Amino acid sequence: MSAPWPRRTFLRTAGAASLALGASVGTWPGTAAADEDPYAALRQKWRELILGTGFVATEEPYATLLTTLGANARTYLSTMRPAEGSLWADLVWSDPDPDLDAESYAFSERMNGSYTRLQTMAQAYAQPGTGLTGDAGLLQAVVTGLDHMYATVYNERVTRYGNWWNWQIGAPQALMDTAVLLYDALSEEQIAHYCAAVDHFVPDSLFASYTGVSTGANRVDLCRGVILRGIVGRSAEKIALAAGALPAVFPYVTSGDGFYADGSFIQHTNVPYIGAYGAVLHDGVGRLLALLRGSTWEIDAADTQPFLDTVEKAVAPFIYNGLIMDNVGGRSISRVGGNDHTRAHSLIATVLLVGQGASPAENARWRAMVKGWLERDYYRPATANNALSLTRMSLLQDVLRDASVVASPEPVEHRNFADMSRVTHRRPGWAASISMSSRRIAHYEYGNGENARGYHTGSGWLSWWGAEVNLEQYSDAYWPTVDPYRLPGITASKKPLADGQGGEWGQPPSDTVWVGGATDGEFGAVGHHLKAIAGTMTARKSWFCLDDAIVCLGSGITATDGHLVETTVDNRALGTAGAPRFVVDGRTQPSAQGWAQTFPRAEWAHIEGHAGYVFPGGTTLDALREERTGAWRDINVNGPTTPNTRRYLTLWNDHGTDPVDAGYAYVLMPGASAKATARRAQHRNWLTVTAATPAQHGVRVASLGFAAVNFWQPGTVDGITVDAPASVLVREHRDGTATLVVADPTRLNTSLQLLWERRVKEIVSAPDGVTATTDDRGRRLRLAFGDFTKLAGAGLTVRVRLH
């Protein structure tokens, strides 16, 4: 075991080593060597993927990124003191009671963190313009650190403790990246030691089956570590093993972790995760495909197409003007230092990297899409993110400077991700997303002490953003300061919940099955049978997503816990000093913090710069302006204790203590002016609520030719009759045709009969297996559907011509 080094001895030794290395410092395999040696070629390619290419180190933003990298590396160099159980005094990995319990997680993280610091130092040595470029003392310090860690903690004789991820993914990746960067400075013995350590902690058996921790993003990370181990250790067998295991993540799955046919992405069995693990998967796959392309181990293009398709099916729908929606971020939303914008930046760059292996048409579309995201993000643009790697920054700058790329606008669409209980709705000027839970999808994810109060993020959370305002809504210390019982759109009991309520890793989920809806691709009907994460509260919630509004209905709200139950109409984050004008029924309300009032017969409300809210038939509306203070440590054990104070303006319906069959109705109009909101409230015939009971929810908007019903139970609403639970959406078009979309959110119906009391001239189209007929000389339409259980919540569309 290595003995601690006094700092003076360490620097003296490093200095001597720099003289010995001489001209070899900073020299790397040339093109000729790479052409003759496949391992050298792959090392060179991975080096470029780590460091980036095609940028000028003296130009911004690269100069600042490189200076920051150098400053961080200099700090690590000056504080590095190899000792028993550590390389840095603040990262002691020696665990007095090593096991696999949570208490040991911190020690394994410090081990992994030590490798990460060494990797940073290696990058500062290899990159130009860091102030430490080619510095022999820095080089020797990194090599000394690698040897110290091999001798004391990361070798084939140690039994892992703490979090498996640190030993099998985090440490191998950082170690092998560093070995690639410093390859010429390492002896064969050193390389053999490091590779033996990776072989020990990442055995071949991890790739024997697609199960356990070796699925989804984790599988990709494991493959990366072993492929790099094969390249560094010149082992064709290791590269082939991991390259052959990578395509297991490409096919769509029907349960568990991975991508689904509808664009859903799940990790940890039942957590929607395209914004975190999915981003890691995309980055890993993108880099590995680029690395192996043209080599003996290149992945067959036919295998990769399903993965390439996920860029537009799974990633793009959750990126809006440069941010990634938090409802697909799992527990990562509770981590200090990031937000929905910064978490998106790496993923956006990855889209460009993946595009290099796509078809020319796909690559062109994606570059236009990315350019639009970059140009429209006024709040936290990616090109100002000093935490981005040089590789990612160069990819982003390249597309921005490419005059041949014309930025594409945000699409206008509605998407239902039934396999992860998420919905996105995009209109000109705004976008929204709905987050639900079910027996398939967790209420939220708590784990490793992270996201301790996210318990209501799956209770019908309705998040929305404007194109020119409100992009920062969930970005500014939102999660440590927001009231977790009053997230926008949710219905929740005020029953106090413990941090991490419900257990770790999203278990157990709810037992409800009616979650999802129907869509024609532009408008949508969404429903959620909600059961509280802990307690007796239950509710039926619906959202009807239209052209300039979302109609929100609730019924059957019942509880017996002895606590208040509320539906939060909205909860707007206002930053540290925001005080927008708030109007209820034409009267401006006070702007002082702490102001609160109940409006017994409110018909409409408006928050300047945010949205309008219409309450059909009037409602009892509660409103509150408040300043809330919280620390990241409150929701994440790794967060700082520094208090953050932010302002909020909250609107809600109070259903009382232990309500029985309570309900609500409101219309959200994102970005609407006060005048437009007032006009909508005065237009009594714009909206007809055709049902708002525990059995059905239905609405009709005649001016849009729109009608929809969520049938929690069979019945008749607005001339539509079904004999089984269903979601039905009808669009009557100006050309005399109509579209009917029918879905079974329960996934339990083996058959379904629908009767529409409407004069139909002819059946234009119907899916295979659907029988469409007309009765009484075309006075009504009958549809007979077969087995819905294999459709995974997707809808079936019938088109008819009306009389």
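Before reading further, recall that the structure is shown in the block above.
Residues numbered from 1 in each chain as written. Predicted model: local features only at pLDDT ≥ 70, side-chain atom pairs only at ≥ 80, totals over all residues. Heavy atoms only, no water.

**Student:** Account for the overall build of the chain, with residues named and values stated.
**Tutor:** Of the regular secondary structure elements, the chain holds 17 helices and 33 strands. Its C-alpha radius of gyration of 29 Å places the chain within 12% of the 28 Å reference for a compact globule of 803 residues. Taking the principal axes of the C-alpha coordinates as reference, the chain spans close to 95 × 60 × 50 Å. Considering the chain as a whole, with its 803 residues, one finds that 59% of them fall into the buried category. The contacts of the chain with a sequence gap of at least 6 include a subset with a gap of at least 24, amounting to 69%. Here the chain has roughly 29,100 Å² of accessible surface; of this, 50% comes from carbon and sulfur atoms. (Helix = DSSP H or I, 4+ residues; strand = E, 2+ residues; numbered from the N terminus. Rg over C-alpha atoms; globule rule 2.2 N^0.38 Å. Buried < 20%, exposed > 50% of the residue type's maximum accessible area, 1.4 Å probe, protein only. Contact = heavy atoms within 4.5 Å. Areas by Shrake-Rupley, 256 points an atom, 1.4 Å probe, with all protein chains shown as cover.)

**Student:** Can you lay out empty space enclosed by the protein for me, pointing to particular residues and giving the numbers?
**Tutor:** A full pass over the atoms with the stated rule returns 5 cavities of 30 Å³ or more. What the largest cavity holds in volume is close to 130 Å³. Together, 16 residues line the largest cavity, and Asn327, Gly330, Arg422, Tyr444 and Thr457 are the ones closest to its centre. Along the lines of polarity and charge, the residues of the lining of the largest cavity split into 6 nonpolar, 7 polar and 3 charged. (1 Å grid on protein atoms, 1.4 Å probe; cavity = no way out; pocket = protein on both sides within 12 Å on 5 of 7 lines; lining within 4 Å. Points joined across faces, edges and corners; volume = space filled by probe spheres on them. Nonpolar A, V, L, I, M, F, W, Y, C, P; charged D, E, K, R; others polar.)

**Student:** Tell me about the environment of Ser727, residues and numbers included.
**Tutor:** Looking at the secondary structure, you find Ser727 in strand β27 (residues 726-732). In the structure, Ser727 is positioned 18 residues away from Pro745 in sequence and 7.1 Å away in space, judged by C-alpha atoms. Ignoring any residue separated from it by four or fewer positions in sequence, one finds Ser727 in contact with Trp514, Gly517, Ala518, Ala525, Val709, Asn710, Val741, Val742, Ala743 and Pro745. A polar side-chain atom of Ser727 sits 3.3 Å from the main-chain amide nitrogen of Ala518. Of note is the side chain of Ser727, whose polar atom sits 2.8 Å from the side chain of Asn710. (Polar contact = N/O pair within 3.5 Å; in protein donor to acceptor, adjacent residues only side chain to side chain.)

**Student:** Give a detailed account of the nonpolar core, specifying residues and quantitative values.
**Tutor:** Among the nonpolar cores identified, the biggest contains 154 residues, and Tyr115, Leu118, Met121, Tyr154, Ile227 and Leu291 are the most heavily contacted of them. In terms of residues, this core owes the most to one element, helix α7 (residues 164-181), which gives 10 residues. In contact with Leu291, not counting residues within four places along its chain, are Leu42, Lys45, Trp46, Leu49, Ile227, Leu228 and Ile231. Membership of the second largest hydrophobic core comes to 39 residues, among which are Val423, Ile607, Leu621 and Leu651. (Core = buried A, V, L, I, M, F, W, Y, C linked by side-chain atoms within 4.5 Å.)

**Student:** Could you give me a rundown of the sheet that holds strand β2 (residues 265-267), with the residues and numbers involved?
**Tutor:** Taken together, the 3 strands give an open sheet; going across it, the order is β1-β2-β3, and neighbouring strands pair in antiparallel fashion. The open sheet is flanked by β1 (258-259) and β3 (271-272), the only strands paired with a single partner. In terms of strand pairing, β1 meets β2 through 2 bridges, oriented antiparallel. For Phe259, the partnering residue across the bridge sits in β2 and is Phe265. Running at roughly 105° to β2, helix α11 (residues 277-292) makes contact with β1 and β2 of the sheet. (Pairing = 2+ DSSP bridges. Axes fitted to C-alpha atoms, helices over the stretch in contact; angles between N-to-C directions.)

**Student:** Kindly report on the packing of aromatic side chains, identifying the contributing residues and their values.
**Tutor:** For the structure shown, the criterion picks out 26 aromatic pairs. Taking the centre distance of 5.7 Å and the plane angle of 40° together, the rings of Phe250 and Phe307 count as tilted. With a gap of 57 residues between them, Phe250 in the loop between α10 (236-245) and β1 and Phe307 in helix α12 (residues 301-315) connect regions that are remote in the sequence. Using a relative accessible area of 1% as the deciding quantity, one classes Phe250 as buried. Through successive ring pairs, a cluster of aromatic residues spans Trp461, Trp465, Tyr474, Tyr478, Trp479 and Tyr648. Of note, Arg486 hangs over the ring of Trp652, and the distance from its end group to the ring centre comes to 3.8 Å. Taking the ring centre of Trp686 as reference, the NZ or CZ of Arg680 above it sits at 3.9 Å. (Phe/Tyr/Trp six-rings, centres within 6.5 Å; stacked < 30°, edge-to-face > 60°. Lys NZ or Arg CZ within 6 Å of the ring centre and 35° of its normal.)

**Student:** Explain helix α14 (residues 360-376) to me, using residue names and the numbers behind them.
**Tutor:** Relative to the 24 Å expected for 17 residues at 1.5 Å per residue, α14 spans 24 Å between its end C-alpha atoms, a close match to the ideal helical length. Looking at the buried side of α14, the elements it contacts are α12, β4 (319-320), α13 (342-355) and α15 (390-401). (Expected span 1.5 Å × (residues − 1).)

**Student:** Please set out the packing of helix α6 (residues 136-152) against helix α8 (residues 188-201) residue by residue, giving values where relevant.
**Tutor:** Contact pair α6 / α8: the axes reach a minimum separation of 11 Å and the direction vectors enclose 50°. Taken together, the axis directions place α6 and α8 in an arrangement best described as oblique. Every pair of crossing elements has a handedness; the one defined by α6 and α8 is left-handed. Across the interface between the two elements, Val143, Leu146, Asp147 and Tyr150 from α6 touch Gln190, His193, Tyr194 and Ala197 from α8. For the contact of α6 with α8, the class distribution of residues is 5 nonpolar, 2 polar and 1 charged. (Parallel < 35°, antiparallel > 145°, perpendicular 65-115°, else oblique. Left-handed = near helix turned anticlockwise from the far one by under 90°.)

**Student:** How would you summarise the packing of helix α3 (residues 38-51) against α7 if you had to cite specific residues and measurements?
**Tutor:** Direction vectors running N to C along α3 and α7 enclose 110°, while the axes themselves pass 9 Å from each other. Viewed along their axes, α3 and α7 adopt a mutual orientation that is roughly perpendicular. Note on packing geometry: the crossing formed by α3 with α7 is left-handed. Residues Arg43, Trp46, Arg47, Ile50 and Leu51 of α3 touch α7, and the partners they reach there are Asp177, Val180 and Leu181.

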